[in-house]
Amino acid sequence: MTIERILDYAHSLMKKTIEPGDAVIDGTCGNGYDTAFLAELVGEQGHVYAFDVQEKAISNTQERLKEHGLANHTSLIHDSHAHVQQYLQEKDQNNISAAIYNLGYLPGSDKSVVTKPEGTIQSVENVLATLKKGGLVVLVVYHGHPGGAEEKDAILEYVSELDSKHYQVLHYGFINKKRTPPFILAIEKLS
């Protein structure tokens, strides 16, 4: 397939941005797939900060990281991604290369526990403040659940208002799929 699927494209963007030794953020570690992917990209000299509000997500991610030998350079944080700046080491405060979020709910878990627009926007604001020039934030927006449309609308409004002198924002998605197909918002820091 020439056109990449949503998650494949999100990972392609991460591969183009992240180098060994970088510090990165997984704002929603879920079942640990993105956390493990990021840990492989940054290597043993880098660091991944992985957040989730659900204990099940933290334990799922921990198991995946152990299974692949990637636990040593990852911090699993059982807290909202809205509090990201509280957990960054001093050396990473203004040196984050990339962040990824899968918005919505944890697959195979309680579908009433979902990301919320206020916390997501606060987290993205905090990450943008710590992102280095050329850094990237990727939001995979799943919005086909109760509350998802509100989060989608709030995020779209927020990123649409980012100053184009400092950020460029990409909207990537398929428009001939099911009624609420997921899509990507990618924010690149220009200065």
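For every chain, the first residue of its written sequence is number 1, and the numbers climb from 1 along that sequence. Where totals are concerned, whole chains, interfaces and linings use all residues; where local detail is concerned, this predicted model gives features only for residues with pLDDT of at least 70, and gives and counts side-chain atom pairs only at 80 or more. Think of the side-chain values as coming from all heavy atoms in the structure, minus any hydrogens and water.

Trainee: Whenever I open this one, the packing of aromatic side chains confuses me. Can you help?
Mentor: The relation between two aromatic rings is expressed through the spacing of the ring centres and the mutual angle of the planes. The criterion for an aromatic pair is that two Phe, Tyr or Trp rings (for Trp, the six-membered ring) have centres within 6.5 Å, with stacked assigned to planes under 30 degrees apart, edge-to-face to planes over 60 apart and tilted to the rest. Within this structure, the stated rule accounts for three aromatic pairs. Ring centres of Phe-51 and Tyr-87 lie 5.7 Å apart, and the angle between their planes is 75°; this geometry places the pair in the edge-to-face category. One end of the pair, Phe-51, is in strand β2 (residues 47–52); the other, Tyr-87, is in the loop between β3 (74–78) and β4 (96–103), and 36 residues separate them in sequence. The interplanar angle of 75° and the centroid separation of 6.1 Å between the aromatic rings of Tyr-172 and Phe-174 together place this pair among those described as edge-to-face. By relative accessible area, Tyr-172 is classed as buried at 17%. Counting from the N terminus, the helices are DSSP H or I runs at least four residues long and the strands are E runs at least two residues long. Throughout, exposure labels follow a simple rule: accessible area from a 1.4 Å probe, protein chains only, divided by the maximum for the residue type, with under 20% read as buried, over 50% as exposed, and the rest as partly exposed.

Trainee: Before we go on, may I ask you to explain the pairing of β3 in this structure?
Mentor: The side chains of a regular strand alternate between the sheet's two faces. Should DSSP find at least two bridges between two strands, the strands are taken to pair. Where β2 lies against β3, five bridges are found, and the strand directions are parallel. Following the sheet pairing, Ala-50 is matched in β3 by Leu-76. In this fold, β2 hands off to helix α3 (residues 55–67), which returns the chain to β3; that crossover is right-handed. A crossover counts as right-handed when, viewed with the strands pointing away from the observer, the path leading from the first strand over the helix to the second turns clockwise.

Trainee: Please explain the packing of helix α4 (residues 117–130) against helix α5 (residues 148–160) as it appears in this structure.
Mentor: For any two helices packed against each other, the geometry is given by the interaxial angle and the distance between the axes. One can describe the packing of α4 onto α5 by two numbers: an axis separation of 9 Å at closest approach and a directional angle of 30°. Compared by their axis directions, α4 and α5 come out roughly parallel. Crossing hand, α4 versus α5: right-handed. Seen from α4, the contacting residues are Pro-117, Thr-120, Ile-121, Val-124, Glu-125 and Leu-128; seen from α5, they are Glu-150, Glu-151, Ala-154, Ile-155 and Tyr-158. A breakdown of the residues in the contact of α4 with α5 according to their chemical character gives seven nonpolar, one polar and three charged. Angles run from 0 to 180 degrees between N-to-C directions of axes, and those axes are lines fitted to C-alpha atoms, restricted for helices to the stretch in contact. Angle categories: roughly parallel below 35 degrees, roughly antiparallel above 145, roughly perpendicular from 65 to 115, and oblique for all the rest. The hand of a helix crossing depends on one turn: near helix anticlockwise from the far one by less than a right angle means left-handed, and clockwise means right-handed. Between two residues, a contact is recorded if the distance between any of their heavy atoms is within 4.5 Å. In this classification, Asp, Glu, Lys and Arg are treated as charged, Ala, Val, Leu, Ile, Met, Phe, Trp, Tyr, Cys and Pro as nonpolar, and every other residue, Gly included, as polar.

Trainee: I'm lost on the packing of helix α1 (residues 6–17) against helix α2 (residues 33–42) in this one. Help?
Mentor: Contact pair α1 / α2: the axes reach a minimum separation of 10 Å and the direction vectors enclose 25°. As the angle between them shows, α1 and α2 are arranged roughly parallel. For the pair α1 and α2, the sense of crossing is right-handed. Within the contact between the two elements, α1 uses His-11, Met-14 and Lys-15 and α2 uses Asp-34, Phe-37, Leu-38 and Leu-41. Considered class by class, the residues forming the contact of α1 with α2 number four nonpolar, one polar and two charged.

Trainee: Which parts of the structure should I look at to understand the sheet that holds strand β7 (residues 183–189)?
Mentor: Adjacent strands of a sheet pair through backbone hydrogen bonds, lying either parallel or antiparallel. Spatial ordering of the open sheet is given by β3-β2-β1-β4-β5-β7-β6, a layout of seven strands whose pairing is mixed. Edge positions in the sheet fall to β3 and β6 (167–173), since each of these pairs with one other strand and no more. Taken pair by pair, the neighbouring strands of this sheet meet at an average axis angle of 15°, ignoring direction. Note that strand β1 (residues 23–26) and β4 share four bridges and pair parallel. From the neighbouring strand, Ala-23 faces β4, where its bridge partner is Ile-96. Together, β4, β5 (131–141), β6 and β7 form the strand contacts of α5, whose direction differs from that of β7 by roughly 25°.

Trainee: Just to check I follow, could you spell out the pattern of salt bridges for this structure?
Mentor: For side chains bearing opposite charge, pairing can occur when the charged atoms are close. A pair is scored as a salt bridge if a Lys or Arg side-chain nitrogen falls within 4 Å of a carboxyl oxygen belonging to Asp or Glu. Enumeration according to the criterion identifies four salt bridges in this entry. The residue Arg-5 makes a salt bridge to Asp-8 at a minimum N-O spacing of 3.3 Å. Given the relative accessible area of 52%, Arg-5 is considered exposed. Residues Lys-152 and Asp-153 are paired through a salt bridge, measuring 3.6 Å at the closest nitrogen-oxygen approach. For Lys-152, a relative accessible area of 21% gives the class partly exposed. What makes Asp-153 partly exposed here is its relative accessible area of 45%.

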